[in-house]
Amino acid sequence: MRIDQSVINEIKEKTDILDVVSEYVKLEKRGRNYIGLCPFHDEKTPSFTVSEDKQICHCFGCKKGGNVFQFIQEIKDIPFQEAVKELGERVNIQVNVPTGSESSSHQIASDDLQMIEMHELMQSYYHYALLKTVEGEEALNYLKSRGFTEEIIEKRKIGFAPDHPQFCHDFLQKKGYDIELAYEAGLLARNEESFNYYDRFRNRIMFPLKNAQGRTVGYSGRTYTNQEPKYLNSPETPIFHKRRLLYNLDQARRSIRKSDEIYLLEGFMDVIKSDQAGLSPVVATMGTELSQEHSTVIRKLTNNVTLLYDGDEAGQNASLKTGQRLLEQGFNIFVIKLPNNMDPDDYIKTHGEEAFTQFVAREKKSFVTYKINLHKDEILHNDLAYEKYLKEITQDISYMSSSILRKKVLQEAAELFKVNSDSLNRSVNQYSRFEPSHDSDVRIAPDFGRLNKYERAEVSLLKHFTRDKDTFLNYQQKLEVEDFSNNYFKHIFDVLRNFYAENDVFKLSDVLQYVESDELKEAFMALDNYMLNDMPYEQELEDYINILLANKQDDSIDILKHRLQEASRLNDLELQKYYLEKIKKYYQNTKL
Ligand SMILES: [Zn+2]
């Protein structure tokens, strides 16, 4: 069963690829297109392009992309029908994804997918155990006493792992999962002597951890009975990587892109509470420092990062360390310092949600200003520190990417250090690095620049075919896929046949739906960009076709010569004569 083509078309009509991609990639307008850092591979120079006119996106680095459905398929790692459904929801078109026969006929899910399935199954089961069982009551009461409303529990699918060594084990086994795989997924632990498997999480409140696609890949189990440790997290597994995962990124992505800023919090509990209080572009790492992978993920979404760590000394040190690193990487960094050693959760508990969001809006300081204030006392009273910090702050200012904020901070620093702001500015400029070399040459799709005579005829022919279905219908019977010498063109011709069987007008974003390989998508885009005079002149198409067919004969002359050689090697005179005759004929023909 397929989703009705008219439904697919309607969703496509109503969806703007620019909107969709913008939720994942920070885009800048460059000429007719938009360009940004590719969400599919790590890079420093943007090679991901979105064309609003053509409604396609494409990475010149890793070749991924396509139309809006393909983008969603790729980025969420879901099948086509799911992508249609998701995009349908955005524009209020309900799509019934046929289940059953089609999805179950898919080959056995990969190990990774099975691990995710196990996590998601357990998520419902733990959630049920929290809300509907007697064993879960104490944990539920504990959560409520800590300000977790029903709404939060529902939204975060918080659950409860009973105090039972085989709760998860037996459930997954009953569902037919491989217990070894459940161990690899981190849900079970193993006795290294008896090799018995048992539940890793017991008597804990279970917080699902989701990856950027919103799939559950791990858990943080919090004790409510003073067990050690306070939080037990899933181990590193093939699906859970602490260096990559940012808690809440799947939920916060849209608001991060919309507000063009992100808040980094110390723990996922703070994220849950801040989000509930109305501050939504919030994420946290899972108990690790911010890694290079994390900042790569963030950079694709926004350049503005605010650190909202605990108000205690550990929080301050973390702000300094992370802030410094991000500053040197070219981010705009801000810091919010909460009063009286509070963390966001404490602040919300004490002052309420509204006061919290107001505080956040009011107390956002540029990182360098924050740093200056933190060391103010030392700078004023300790001359050695004065010298050290003057050098450091001068260099820090040189890293700042916003010229407006740079001026402001420069002024503040000049006052505190009691130096002339012009001379401070000169020192800053000495430090200033050369502008990062954003090689601004927009990369162009592989133009079919280096084609031989035959390939040029082939591409020109195909180009005309994309312009007009009638032209295609008129000439296609004269051609076979094999008549094309270039492999891409063979495939393009084949795709066009399928496409025109169901469509009347060639549109790049539509035709891409018929293409799976990234390479071939790229070839179609290059074809789309291929320049040709607008109208075929009389006989132009016939000329191309003749060239194609002549090439085919060229091919066969080689074969003929080869066969002749074979025949002489075998001393088969009869055969030699036969092939000589054919070759002679071939040359006579081509002379005409
Ligand atoms: Zn890429």
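Bear in mind the structure is a predicted one, so any value in this text is a computation, not a measurement.

Here we look at the overall build of the protein
- When helices and strands are counted, the protein shows 28 helices and 17 strands.
- Since a compact globule built from 592 residues should have a radius of gyration of about 25 Å, the 32 Å found for the protein marks it as more spread out than a globular shape.
- Taken over the C-alpha atoms alone, the protein extends approximately 100 × 70 × 50 Å along its principal axes.
- For the protein, with 592 residues in total, the buried portion stands at 34%.

Notes on the domain arrangement of the protein
- Taken as a whole, the protein is organised into domain 1 (5-104), domain 2 (111-233), domain 3 (246-363), domain 4 (371-431) and domain 5 (447-592).
- Taking only C-alpha atoms into account, the centre of domain 1 sits 28 Å from that of domain 3.
- The partner domain 3 presents eight residues to the eight residues of domain 1 that form the contact.

Thoughts on helix α1 (residues 5-14)
- Within α1, burial applies to I8, I11 and K12. Taken around the axis of α1, the buried residues stretch over an arc of 100°, which confines them to a single face. Residues of α1 that are exposed and angled more than 90 degrees away from the buried face: S6, N9 and E13.
- Where α1 is buried, its residues meet α3 (68-76) and α4 (80-90).

Focus: the UniProt feature "domain: Toprim" (unreviewed entry) in the protein
- Mapped onto this numbering, the UniProt entry gives "domain: Toprim" (unreviewed entry) at residues 260-341.
- With 41% helix and 21% strand, residues 260-341 has its two end C-alpha atoms placed 28 Å apart.

Let's talk about the pairing of strand β9 (residues 204-210)
- Counted residue by residue, β9 has seven buried out of seven residues, so it is predominantly covered.
- In this structure, strand β6 (residues 159-161) lies alongside β9, joined through three bridges in antiparallel fashion. What sits directly across from A161, in β9, is R204.
- Summarising the sheet, β9 and strand β10 (residues 216-222) pair through six bridges and their orientation is antiparallel.

Description of the UniProt feature "zinc finger region: CHC2-type" (unreviewed entry) in the protein
- The UniProt record marks residues 38-62 with the feature "zinc finger region: CHC2-type" (unreviewed entry), using the residue numbering of this structure.
- For residues 38-62, helix accounts for 0% and strand for 32%, while the C-alpha atoms at its two ends are 8 Å apart.

Details of the sheet that holds strand β2 (residues 33-36)
- On the basis of which strands lie adjacent, the open sheet formed by five strands has the order β1-β2-β3-β4-β5 and antiparallel pairing. Looking at strand neighbours, the two that pair on one side only are β1 (28-30) and β5 (65-66), the edges of this open sheet.
- Here strand β4 (residues 56-59) runs beside β5; their pairing, made up of two bridges, is antiparallel. Across the sheet, C57 pairs through a bridge with G66, a residue of β5.

Things to note about the environment of I547
- Locating I547 in the fold gives a position in helix α27 (residues 540-569).
- With 90 residues separating them in the primary sequence, I547 and A457 have C-alpha atoms 6.8 Å apart.
- For I547, the residues in contact, after removing those within four places along its chain, are K453, Y454 and A457.

As for the environment of A189
- By secondary structure assignment, the location of A189 is in strand β7 (residues 188-190).
- Separated by 10 residues in sequence, A189 and D199 have C-alpha atoms that sit 5.9 Å apart.
- Every residue in contact with A189, bar those within four places of it in the chain, is listed here: Y198 and R200.

Reading guide: rules and limits
Residues numbered from 1 in each chain as written. Predicted model: local features only at pLDDT ≥ 70, side-chain atom pairs only at ≥ 80, totals over all residues. Helix = DSSP H or I, 4+ residues; strand = E, 2+ residues; numbered from the N terminus. Rg over C-alpha atoms; globule rule 2.2 N^0.38 Å. Buried ≥ 20, exposed ≤ 12 C-beta atoms within 10 Å, placed from the backbone. Domains from an automatic or database assignment. Contact = placed C-beta atoms within 7 Å. Arc of directions from axis to C-beta. UniProt positions renumbered as here; feature names shortened; annotations may be inferred. Pairing = 2+ DSSP bridges.

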